[in-house]
Amino acid sequence: KDLRAYMSSLCRMLNFSDYTILYPGHGPVVEDRLTTYINNRHAREAEIVGILKTLRPAGEGEWTTWEVVKTIYVEHPESVWDSAARG
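Computed from a predicted model, the values in this text were never measured in an experiment.

Undergrad: Go over the pattern of salt bridges with me, naming the residues and quoting the values.
TA: Pairs can form between side chains of opposite charge once their charged atoms are near each other. Applying the stated criterion to the full structure yields two salt bridges. Taking the shortest distance from any N to any O, the salt bridge between E47 and R44 comes out at 2.6 Å. One end of the pair is E47 and the other is R44, both in helix 2 (residues 34-53) and three residues apart, which spans about a single turn. Residue R86 pairs with D82 through a salt bridge whose shortest N-O separation is 2.9 Å. Separated by four residues within a single helix, R86 and D82 lie in helix 4 (residues 81-86), roughly one turn from each other. Judged by relative accessible area, which is 39%, D82 ranks as partly exposed.

Undergrad: Go over the packing of aromatic side chains, please, and point to the residues and values.
TA: Applying the stated criterion to the full structure yields zero aromatic pairs. Residue placement shows R44 over the ring face of Y73; its charged tip is 4.7 Å from the ring centre.

Undergrad: Describe the packing of helix 1 (residues 3-13) against helix 2, with residues and values.
TA: Helix 2 packs onto helix 1 with a crossing angle of 155 degrees between their chain directions and a minimal axis gap of 10 Å. Viewed along their axes, helix 1 and helix 2 adopt a mutual orientation that is roughly antiparallel. Handedness of the crossing formed by helix 1 with helix 2: left-handed. Side by side, helix 1 and helix 2 meet where Y6, M7, L10, C11 and M13 of the first sit next to L34, Y37, I38, R41 and H42 of the second.

Reading the values: rules and limits
- Residues numbered from 1 in each chain as written.
- Predicted model: local features only at pLDDT ≥ 70, side-chain atom pairs only at ≥ 80, totals over all residues.
- Heavy atoms only, no water.
- Salt bridge = Lys/Arg side-chain N within 4 Å of Asp/Glu carboxyl O.
- Helix = DSSP H or I, 4+ residues; strand = E, 2+ residues; numbered from the N terminus.
- Buried < 20%, exposed > 50% of the residue type's maximum accessible area, 1.4 Å probe, protein only.
- Phe/Tyr/Trp six-rings, centres within 6.5 Å; stacked < 30°, edge-to-face > 60°.
- Lys NZ or Arg CZ within 6 Å of the ring centre and 35° of its normal.
- Axes fitted to C-alpha atoms, helices over the stretch in contact; angles between N-to-C directions.
- Parallel < 35°, antiparallel > 145°, perpendicular 65-115°, else oblique.
- Left-handed = near helix turned anticlockwise from the far one by under 90°.
- Contact = heavy atoms within 4.5 Å.

Pasting the structure below:
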């Protein structure tokens, strides 16, 4: 659950030409697209940071994990929300 370690391991895999296939814990196998996968993770991180910087109306408090997930994954099936919340 350590995103920094996970991303570091993906970046290290780029240094080894023999490692071109990624078998994620969910979703399809990623073949010859490690850079795309890494860039997608960075884009998602930027999206989360952007949401967290959004000012909330007075009295609404801080963002919760579920509010962030519901905002980002609004167009995705709710069946993926739990995995997204843990990630």
